[in-house]
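Single-letter residue listing:
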Amino acid sequence: MYTKIPIIPLAVIAVVVAAITAAQALIIDWLPPASTEQAERTFGLLWFLFWMSAVFFVIVTSILIYAIWKWRASDDDLEDGPPTHGNTKLEIVWTVVPSIALVIVAVYGYIVLERNEAVAADRITVDVYAQQFMWTYGYPEAGIETGTLVVPEGRQVQLNVRARDVIHDFWVPEFGIKGDAVPGITHTLWINPTKTGTYPVVCAELCGVGHSVMRSEVKVVSAKEYAAWLAKATARVKASTAAAAAATKLESAPGDVEAGKAVFEAKCSGCHADLGKTAGVGPAIVGSTLTTDQIRDQIKNGKGAMPGGLATGTDLADVVAFVESIK
Ligand code: CUA
């Protein structure tokens, strides 16, 4: 029976094992800089788990190495070892200590989860859409959609992660969050950005041939910059909606046949010969059974060999009127 603890050899081994363990933890840059409150807490928990495991690892490994060296069998020793009964005191210790450790980790983990998912009343909501192979971000309050996620510093953002086709996974390493985008399910994530900067958005679920290039960016900007960006993006959407409405109005207004004839000569008569009376590259227009809406649509969007966009706005209205007059 071995009763005296060999403190010096054990201590020497422990120092070496601890140095190697600490070195690989400290020398390698394992985690990106935490850029949200959630990442700070999660990374803190991760390092707590690591160092706690490291302590047990050093104790167990040191004893193991010492035992292998001290009680190794000599080459000519073919005997069975003596039967040993075990050590009740030791067994109680190695059951109770890990149990306490587990409870500590569970409580710490619960606190982190609770705080990371505490919802703020003044949060901003952003819809995150995943599809093969791109990310789109919708701001429901402003009615805009972007290809880059823009969020303000110092305010909570709720991300409603959704998939438009297959399963993807929204991951921003610096944010310390990662969430599956599953068709038919809205996965809610919360972030409280703490550092301005541009960070990568990575798809972390194999979703098809373009999975590895399914990247995007998130910009964390100051509250002031965010307000300015949002106002600008909203104004742009409004302007383009208004412009589209105005263009539609111009196109659909009653056109002038004479002006339309001039447009036809310039843009259409290359294919529709003799002012549309005979077939050239394109068919004759005289005798066409298309309705006004169909004519307008075909000039706008093209059909078959005919390209779209030959006339727009008032020109389009005029040429439609001319075609109507000869068909
Ligand atoms: Cu989307 Cu991988």
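Parameters and conventions
- Residues numbered from 1 in each chain as written.
- Predicted model: local features only at pLDDT ≥ 70, side-chain atom pairs only at ≥ 80, totals over all residues.
- Heavy atoms only, no water.
- Helix = DSSP H or I, 4+ residues; strand = E, 2+ residues; numbered from the N terminus.
- Rg over C-alpha atoms; globule rule 2.2 N^0.38 Å.
- Buried < 20%, exposed > 50% of the residue type's maximum accessible area, 1.4 Å probe, protein only.
- Contact = heavy atoms within 4.5 Å.
- Areas by Shrake-Rupley, 256 points an atom, 1.4 Å probe, with all protein chains shown as cover.
- Pairing = 2+ DSSP bridges.
- Axes fitted to C-alpha atoms, helices over the stretch in contact; angles between N-to-C directions.
- Salt bridge = Lys/Arg side-chain N within 4 Å of Asp/Glu carboxyl O.
- Phe/Tyr/Trp six-rings, centres within 6.5 Å; stacked < 30°, edge-to-face > 60°.
- Lys NZ or Arg CZ within 6 Å of the ring centre and 35° of its normal.

(A) The arrangement of the overall build of the protein chain in detail. Within the protein chain, the regular secondary structure consists of 8 helices and 10 strands. Compactness check: the protein chain gives a C-alpha radius of gyration of 36 Å against a globular reference of 20 Å for 327 residues, more than 25% above the reference. With the C-alpha coordinates aligned to their principal axes, the bounding extent of the protein chain is approximately 115 × 50 × 35 Å. The buried share among the 327 residues of the protein chain stands at 31%. By sequence separation, contacts in the protein chain at least 24 residues apart represent 68% of the contacts at least 6 residues apart. Per element, the accessible surface of the protein chain, about 19900 Å² overall, is 64% carbon and sulfur.

(B) Highlighting the sheet that holds strand S2 (residues 134-139). In space, the 5 strands of this open sheet follow the order S3-S2-S1-S5-S8, with mixed pairing throughout. Two strands lie at the open edges of the sheet, namely strand S3 (144-146) and strand S8 (187-191), each paired on one side alone. Ignoring strand direction, the axes of neighbouring strands in this sheet form an average angle of 25°. Sheet topology places S2 next to S3; 3 bridges connect them, and they run antiparallel. Looking at S3, one finds that Tyr139 is bridged to Ile144. Where helix H4 (residues 223-252) meets the sheet, its contacts fall on strand S1 (124-131), S2 and S3, and the angle it forms with S3 comes to roughly 110°.

(C) Focus on the pattern of salt bridges. A full pass over the atoms with the stated rule returns 5 salt bridges. Close ionic contact of Arg296 with Asp293 constitutes a salt bridge, the shortest N to O distance being 2.9 Å. Placement of both Arg296 and Asp293 in helix H7 (residues 292-301) is noted, with a separation of 3 residues, approximately one turn of the helix. Lys327 is the partner of Glu324 in a salt bridge, and the nearest nitrogen-oxygen pair spans 3.1 Å.

(D) Looking closely at the packing of aromatic side chains. Under the criterion given, the structure shown has 10 aromatic pairs. Chaining the aromatic ring pairs together yields one cluster made of Trp47, Phe50 and Trp51. Over the face of the ring belonging to Tyr129 we find Arg164, whose NZ or CZ atom lies 4.1 Å from the ring centre.

(E) The arrangement of the sheet that holds strand S10 (residues 215-221) in detail. One open sheet accounts for 5 strands, arranged S4-S10-S9-S6-S7; its pairing is mixed. Whereas interior strands pair on both sides, the edge strands pair on one side only; in this sheet they are strand S4 (149-152) and strand S7 (177-181). Mean inter-strand twist for the sheet, computed between neighbouring axes without regard to direction, equals 25°. The pairing of strand S9 (residues 197-203) with S10 spans 6 bridges and is antiparallel. Of the residues in S10, the one forming a bridge with Gly197 is Val220. On the sheet, H4 packs against S4 and S10 and is oriented at approximately 135° with respect to S4.

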